[in-house]
Amino acid sequence: MKKQHPRMKRRAFLKQGSLALGGTLLFGLPGNSIPTPHPKKTRVVLIRHPEVLDKLNRPRAEIVQEMIDRAVVALTGSTSIQQAWQQIVRPEDTVGIKSNVWRFLPTPAELEEAVVKRVREVGVAAEKISVNDRTVLRDPIFRNATALINMRPLRTHYWAGVGSLIKNYIMFVPNPSDYHPDTCADLATIWKLPHVRGRTRLNVLVMFTPLFHGQGPHHFSPQYIWPYRGLLVGFDPVAVDSVGVRILQAKRREYFGEERPLNPPPKHIFLADTRHHLGTADPAKIDLIKLGWEEGCLI
Amino acid sequence: MQKISLLGGIILALFYNISPGGAISMNTLARDLSALLPDSLPGWEIKEEHRYTPDNLYDYIDGGAELYRSYGFREMVSLVYHRPDQPDLYLDIFDMGTTGGAFGVFTHSREKTDSTFGQGSQYSPGALIFWKDRYFISLLASPETPEARQAIFTLARQIEHAIPRQGKIPTVVRLLPRDSLVEESIRYFYHPVWLNTYFFLTESNLLHLDSTTQAVWAKYRFTAQPTYLLLVLYPSASAARTAEQEFRKFYFTLSDSRPITQTQKGSWDALRRCGRLLVGIFRARNSAAVQNLLEEVCRKQPSP
């Protein structure tokens, strides 16, 4: 990364986030190993802020930074922002931040910048950080990445049911359409490929303006987004996606006034659990921590 | 009628690029799509123009390509119009190969009924879709501005007029009884993945849906809770019988072949075959309405 970020000033301790933790889910980072979630329940943090978007639904950078920091503190059970990010990456890591460039609902630049800033502050050199989507296979940082951070907005999708965190790794294969059979049922297998397996340190499902229904070839209409103003953050992509899908389904019920299941069903998320054992999609096994704005939470 | 000689036939085939099997070649399709493009759009200029076939549609809309492929997509042209201080305007014209394909892909995501453009259209701020003959058209500019909306409507009208013919609604759709029908709920398809449109029915292709079948979902408002009607038209009665037997074994718990059964939740489901038409009714609140619906559909069944 070319930008130099000022050294992080130690922020005020984020009371609410840390108090909500109860001291669980602490883990070490021996070598380059991946953080291991609690063996019994997978923690997912939902954080929302009423002011994160301006009138044109553009994210406000300072609030985005505050939200992601607070979520990571809560997720890791840390007592400070610095400590929290030190549990995500280490100074010697090479970090690939997998974003999503879909033109109508991309990963917000404000979020990318917020995460890059914290990764830099941990001590990762700028030249060892890359933010990429479509060309990850040709990106030398991604090819040598020891740590991946996965970030994308949630949206409905014509063929996979939803554009999910799990699906966001489809660019790690040379021919994405190979994974389209049976409505993308086995996307989780991508996560087990040698250049991907075991490298993901953090998953962020962007819920600022999720798309809950689509029309036309681009599967987009401004009518079907809403300002939810949230982030879903977790170590387990299956659990985070599972929570995201429940929110989308609740929104569809609310908007259409009747049950309107996602079509086709996002089976890749549930098969990621039951068939591929990538994580858990079972709400009973997910410890959902809700922080911040509660109005219209839907879950 | 004057007979066309073999030589004449060959010359005609060469001229019109008709393959021995009667299919129209891609060159002809490309010319057809070009004929639909407006000459100009005052105030806007074309920034990009691309063409896609089933082999590379993924490059444009990735997973969305599968939806169009499932409806028989043949070719598309995509244009991006640009005007300073305005959102880019995306025009996509899909040649779906058949009227059924164009109608089906249109019904796939519509939420309301509108006949402003073509043979059916849906407009939401910044986004217009419509279909006519074998073509499906999408126009999108986000966020919408008054200038962009005007441009969308101008382009849509020009393209609509450039398509000379009306397409014929698929036979199975015309079998739907009209009373209490929720028009915008009609979903026409033949790929099994769209069988679970309104609720989860089955993951397997128990109904043997493929490109030789025609299927349609529709909702009826006999009561506050909708009744769901599924019609599948098979190429033969024997094909319909095979599908009926397999589906009945899987879905219905009755060991006999009664057409109507009450579920544990108190609603009514039904399955009945009328010649080469299979009729499924789900989640009905009223058994008399189910009976009437079955009888009306079967009265209208097409010839064997």
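Being a predicted model, the structure only gives us computed values, none of them experimental. Numbering of residues starts from 1 in every chain and runs along the sequence as written. By the order in which they are written, chains take letters starting at A while ligands take numbers starting at 1. Confidence filtering applies because this is a predicted model: local features only for residues at pLDDT of at least 70, side-chain atom pairs given and counted only at 80 or more, and all residues used for totals across whole chains, interfaces and linings.

*Asks:* How should the overall build of chain B be read in this particular structure?
*Replies:* Put simply, DSSP marks the helices as runs of H or I at least four residues long and the strands as runs of E at least two long, and each gets a number from the N terminus on. Of regular secondary structure, chain B possesses 9 helices and 12 strands. With C-beta atoms placed from the backbone, a residue is buried if 20 or more other C-beta atoms are within 10 Å of its own, exposed if 12 or fewer are, and partly exposed between those counts. Counting across all 304 residues of chain B, residues that qualify as buried make up 41%.

*Asks:* Help me out: how do you make sense of the nonpolar core in this one?
*Replies:* The nonpolar side chains of a soluble globular protein tend to be buried, and buried together. For the purposes of this analysis, a nonpolar core is taken to be any set of buried Ala, Val, Leu, Ile, Met, Phe, Trp, Tyr and Cys residues that are connected through C-beta atoms within 7 Å. By size, the foremost hydrophobic cluster in this structure holds 165 residues, and its most contacted members are V45, I68, A71 and L231 of chain A together with L89, L231 and V232 of chain B. The leading source of residues in this core is helix α2 (residues 61–76) of chain A, at 8 residues. Annotation comment: domain bounds sourced from an automatic or database domain assignment. No fewer than three residues from each of domain 1 (7–162) and domain 2 (171–299) of chain B sit in this core. Think of it this way: build a C-beta for each residue from its backbone, and any pair within 7 Å is a contact. Not counting residues within four places of it along the chain, the set of residues in contact with A71 of chain A comprises V45, I47, L231, V233 and L291 of chain A.

*Asks:* Even after reading the chapter, I still don't get the packing of α2 of chain A against helix α4 (residues 109–122) of chain A, so can you show me in this structure?
*Replies:* Two packed helices can be described by the angle between their axes and the distance between those axes. Residues and elements named next belong to chain A. Across the interface, α2 lies against α4 with an axial gap of 9 Å and an inter-helix angle of 55 degrees. By the criterion of interaxial angle, the relationship of α2 to α4 is oblique. Here α2 runs over α4; the crossing is right-handed. Along its contact with α2, which presents A61, V64, Q65 and I68, the element α4 presents E110, L111, E113, A114 and V115. Residue polarity is assigned by list, with Asp, Glu, Lys and Arg as charged and Ala, Val, Leu, Ile, Met, Phe, Trp, Tyr, Cys and Pro as nonpolar; anything else, Gly included, falls into the polar class. When the residues that make up the contact of α2 with α4 are grouped by side-chain class, the tally is 6 nonpolar, 1 polar and 2 charged. Working convention: axes come from line fits to C-alpha atoms, limited for helices to the stretch in contact. Angles between N-to-C directions cover 0 to 180 degrees. Roughly parallel means an angle under 35 degrees; roughly antiparallel, over 145; roughly perpendicular, 65 to 115; everything else is oblique. A clockwise turn of the near helix away from the far one marks a right-handed crossing, whereas an anticlockwise turn of less than a right angle marks a left-handed crossing.

*Asks:* In this structure, what is going on with the sheet that holds strand β9 (residues 227–233) of chain B? I would like to understand it.
*Replies:* Strand pairing in a sheet relies on backbone hydrogen bonds. The paired strands run either parallel or antiparallel. Residue and element names in this part refer to chain B. DSSP bridges decide pairing: two strands pair if at least two such bridges lie between them. Strand order in the open sheet formed by 6 strands is β7-β8-β9-β12-β11-β10, with antiparallel pairing between adjacent strands. Taken across any chain shown, the strands that pair with only one partner, and hence form the sheet edges, are β7 (181–189) and β10 (260–262). Here the average twist between neighbouring strands, direction ignored, is 15 degrees. With 3 bridges connecting them, β10 and strand β11 (residues 268–274) associate as antiparallel partners. Across the sheet, Q262 pairs through a bridge with W268, a residue of β11.

*Asks:* Got a minute to help me understand the sheet that holds strand β3 (residues 89–95) of chain B in this structure?
*Replies:* Residues and elements named next belong to chain B. Strand order in this open sheet of 6 strands is β1-β2-β3-β6-β5-β4, and the pairing throughout is antiparallel. Because the sheet does not close on itself, it has two edges, and the strands there are β1 (45–52) and β4 (121–124). Each strand axis lies, on average, 10 degrees off the axis of its neighbour in the sheet, ignoring direction. The pairing of strand β2 (residues 75–82) with β3 spans 7 bridges and is antiparallel. Residue pairing in the sheet places M76 in a bridge with F94 of β3.

*Asks:* Got a minute to help me understand the environment of D210 of chain B in this structure?
*Replies:* All names here are of chain B. Among the secondary structure elements, D210 is positioned in the loop between β7 and β8 (214–220). Residue classification places D210 among the partly exposed positions, given that 13 C-beta atoms sit within 10 Å. Counting along the chain gives 18 residues from D210 to P192, while the straight-line C-alpha distance between them is 7.1 Å.

*Asks:* Looking at this model, I keep getting lost on helix α9 (residues 287–299) of chain B. Mind explaining?
*Replies:* In an α-helix, one full turn covers 3.6 residues, which means residues spaced three or four apart are oriented alike. All names here are of chain B. The span expected for a helix works out to 1.5 Å for each residue beyond the first. The end-to-end C-alpha distance of α9 is 18 Å, a good match for the 18 Å that 13 residues give at a rise of 1.5 Å each. Here α9 has its buried residues at V290, L293 and L294. When α9 is viewed along its axis, its buried side chains cluster within an angular range of 100 degrees and face the same direction. Residues of α9 that are exposed and point over 90 degrees away from its buried face: A288 and R299. Among the structural elements, β9, β10, β11 and β12 (277–284) are those in contact with the buried residues of α9. Summarising the geometry, the arc corresponds to the directions from the helix axis toward the C-beta atoms.

*Asks:* Just to check I follow, could you spell out unusual backbone geometry for this structure?
*Replies:* Excluding glycine, most residues fall at negative phi; most peptide bonds, likewise, are trans. Following N263 of chain A, the chain continues to P264 of chain A via a peptide bond in cis, the omega torsion being 0 degrees. Locating P264 of chain A in the fold gives a position in the loop between α7 (237–256) and α8 (267–274). Going from S142 of chain B to P143 of chain B, the amide bond is cis rather than trans, its omega being 0 degrees. Looking at where P143 of chain B falls in the secondary structure, it is placed in the loop between β6 (135–140) and α6 (146–162). A positive phi is found at D182 of chain A, a non-glycine position, where the angle reads about 55 degrees. You can see D182 of chain A is positioned in helix α6 (residues 181–184). Taking the number of C-beta atoms within 10 Å as the measure of exposure, D182 of chain A has 13 and is therefore partly exposed. The phi angle at D85 of chain B is positive, at roughly 65 degrees, despite the residue not being glycine. Along the chain, the position of D85 of chain B falls in the loop between β2 and β3.

*Asks:* Sorry if this is basic, but what is going on with the environment of S70 of chain B here?
*Replies:* All names here are of chain B. By the element assignment, S70 lies in the loop between α4 (64–69) and β2. S70 sits 121 residues away from H191 along the chain, and the two C-alpha atoms are 5.9 Å apart. Excluding residues that lie within four positions of it along the chain, S70 makes contacts with H191 and V193.

*Asks:* Even after reading the chapter, I still don't get the domain arrangement of chain B, so can you show me in this structure?
*Replies:* The figure often quoted for interface size is the accessible area lost as the parts come together. Along its sequence, chain B is carved into domain 1 (7–162) and domain 2 (171–299). On the side of domain 2 of chain B, 9 residues touch domain 1 of chain B, which itself brings 10 residues to the contact.

*Asks:* Mind showing me how you'd approach the pairing of β9 of chain B here?
*Replies:* Two faces, one strand: in a regular strand the side chains alternate between the faces of the sheet. All names here are of chain B. Among the 7 residues of β9, 6 are classified as buried, and the element is accordingly described as predominantly covered. Pairing of β8 with β9 involves 7 bridges; the strand directions are antiparallel. Within β9, the residue paired with V216 across the bridge is L231. Between β8 and β9, which pair antiparallel and follow one another directly, the connecting turn spans 6 residues. With 6 bridges connecting them, β9 and β12 associate as antiparallel partners. For L230, the partnering residue across the bridge sits in β12 and is G280.

*Asks:* Would you take a moment to explain the packing of α7 of chain A against α8 of chain A for this structure?
*Replies:* Residue and element names in this part refer to chain A. In the contact formed by α7 and α8, the axes pass within 10 Å of each other and the chain directions differ by 145 degrees. Between α7 and α8 lies a crossing whose hand is left-handed. Contacts between α7 and α8 involve V238, D241, S242 and V245 from the first element and I269, A272 and D273 from the second. The residue makeup of the contact of α7 with α8, split by class, is 4 nonpolar, 1 polar and 2 charged.

*Asks:* I would appreciate a short explanation of the pairing of strand β1 (residues 42–48) of chain A in the present structure.
*Replies:* All names here are of chain A. By the criterion of burial, β1 is predominantly enclosed, with 7 of the 7 residues buried. Along β1, one buried face is formed by T42, V44, L46 and R48 and the opposite face, lined by R43, V45 and I47, is buried too. Note that β1 and strand β8 (residues 286–292) share 7 bridges and pair parallel. Directly across from T42, in β8, lies its bridge partner I286. As paired strands, β1 and strand β7 (residues 230–234) are joined by 5 bridges and run antiparallel to one another. Looking across to β7, one finds that L46 is bridged to L232.

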